[in-house]
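# Chain and residue survey
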Amino acid sequence: MREIRFNAFDMNCISHIQHGLWTHPRDQSNRYTELAYWTDYAKRLEAGLFDGIFLADVVGVYDVYGESPDAALRGAVQVPVNDPMLLVPAMAAVTKHLSFGVTANLTYEQPFLFARRMSTLDHLTGGRIGWNIVTGYLDSAAKAIGLDAQMAHDDRYDLADEYMDVIYKLLEGSWDDDAVVFDRAAGVYADPAKVRKISHEGRQYRLDAMHLSAPSPQRTPVLYQAGSSTRGRAFAATHAECVFVNGQKMEGVRDLVDDIRARAIAGGRTADDLKVFVGATIITGRTEKEAQEKFEDYRSHASSEAALVHASASLGIDFARYDLDEPIQTGKSDAIVSNVEAMTRSAGPQWTKRKLLDQMILGSRQMPMVGSAEQIADRLQEWMEKADVDGFNLSRTVVPECFDDVIELVIPILQERGVYKTGYREGTLREKLFGAPRLPARHVGGRYRTGNKD
């Protein structure tokens, strides 16, 4: 029987997905600038046998709502936001098995230096690093680095394909596995004949250099990707090992998962080469009544305005312009296209702000699972079976109690049912997920390992 996998889904900021809950008196997310907050967090998750912590990120501010960042600043809507990567070594130092999926926007990262950063993190964590590949969706981020606006949606994926080509060349093809000889007697650390420059001349990138880092345990970090648009699915089927999907209905998620797996198979991979994680929010208790009371308590702190701020940015629509029941016009967007498609599926082709707010009961578009631990366990298993997902990215509500509840109440039930691990498998993140430390030869990145592909 397939085991359920959990990642904690968070961000190096106060308010991530469920907006407004930072105002709850028991919430500790205001401590996000304290190292002890994150190291305690990591130890808690590892004690609960979570697979990892998945750290989201943005490099711009949400200024679509009201054509201003003011509402985002008032509600702490993913601003201020600090760098997720700098948290990883500290959390890795206090854990042995917990993995770390970090989001990095390739549109604004030079591949040569980014490859070194990934190798460094892979070395320091003993092979527990994953990279969530994103291409960005905020004009504010583009303007922050001197551009007038972001690239068009599909053009960003074209850039991403070339970017991945460069990354694979550096991480997989520059150093042979046995290049480091560490011969003290001969005074030779690395064999120059087994280290080569990488040459790349493309539309976006030019490179003529060797990778600066020796091969790390995984070489390439485990590759996460969250785009579910048509172009995003094609990218995921080619590159991703872990796919992150969101959706309100199982049927829609199952169709999406089936499509991505079929695309991967058509490209020479197998269905098992992909692990699919669906976003979920859990509010639970020992009884259904306890869970409902907790839900109503949390709900009283949710912020509708902050939710609309986030939705405006990710959907590319200024909801401040609309009255509650005024039809919302949606056209071509260069924001998160899959989010627009998902909202159309759930709210219907004729949206209104009221319909949207009806779904934002905890300050986000993600409807929570509310129920006793037994009911939650049933629901998670139903998702696994009917949507063909491998696990869940659990977004935080009130921290740390939201994860404590899952660890103390839900996981023991899943373990009793034989669908959740009772101990960690040894090895790197990729070994824990797929049984081998390196990309397989059938993966596009694995084909660069000999260093003979230009």
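This text goes with the structure placed above it.
Residues numbered from 1 in each chain as written. Predicted model: local features only at pLDDT ≥ 70, side-chain atom pairs only at ≥ 80, totals over all residues. Heavy atoms only, no water.

Between its first and last C-alpha atoms helix α14 (residues 401-416) spans 22 Å; for 16 residues at 1.5 Å apiece the expected length is 22 Å, and the two agree. At V410, α14 shows its maximal bend, which comes to roughly 40 degrees, and the proline P412 appears one to four places after that position. For α14, a buried count of 12 out of 16 residues is recorded, marking the element as mostly surrounded by other parts of the structure. Those residues of α14 that fall on the buried side of the exposure criterion are E401, C402, F403, D404, D405, V406, I407, L409, V410, I411, I413 and L414. The secondary structure elements touched by the buried residues of α14 are β1 (5-11), α1 (35-47), β12 (282-285), α9 (288-299), α13 (373-387) and β14 (391-395). After α14 finishes, the residue G418 shows a positive phi value of roughly 75 degrees. (Helix = DSSP H or I, 4+ residues; strand = E, 2+ residues; numbered from the N terminus. Expected span 1.5 Å × (residues − 1). Bend = angle between axes of the 7 residues up to and from the residue. Buried < 20%, exposed > 50% of the residue type's maximum accessible area, 1.4 Å probe, protein only. Contact = heavy atoms within 4.5 Å.)

This part covers unusual backbone geometry. Put simply, V79 and P80 share a cis peptide bond, and its omega is 0 degrees. If you trace the backbone, P80 turns up in the loop between α2 (70-75) and α3 (88-93). Residue V399 is joined to P400 through a cis peptide bond whose omega torsion reads 5 degrees. Relative to the assigned elements, P400 resides in the loop between β14 and α14.

Now for the environment of H19. Tracing the backbone shows H19 in the loop between β1 and α1. For H19, a relative accessible area of 0% puts it in the buried group. Distance in space between the C-alpha atoms of H19 and R321 is 21 Å, their sequence separation being 302 residues. Apart from the residues lying within four places of it in its own chain, the contact partners of H19 are V77, Q78, H301, A302, S303, A306, A307, H310, L362 and G363. Among the polar contacts listed, one links the side chain of H19 to the side chain of S15, at a separation of 2.7 Å. (Polar contact = N/O pair within 3.5 Å; in protein donor to acceptor, adjacent residues only side chain to side chain.)

Where helix α7 (residues 230-239) meets helix α8 (residues 250-266), the axes come as close as 8 Å, and the angle between the chain directions of the two elements is 50 degrees. The orientation of α7 with respect to α8, classified from their angle, is oblique. Both α7 and α8 take part in a crossing whose hand is right-handed. Contacts between α7 and α8 involve T230, R233, A234, A236 and A237 on the former and, on the latter, L256, D259, I260, R263 and A264. (Axes fitted to C-alpha atoms, helices over the stretch in contact; angles between N-to-C directions. Parallel < 35°, antiparallel > 145°, perpendicular 65-115°, else oblique. Left-handed = near helix turned anticlockwise from the far one by under 90°.)

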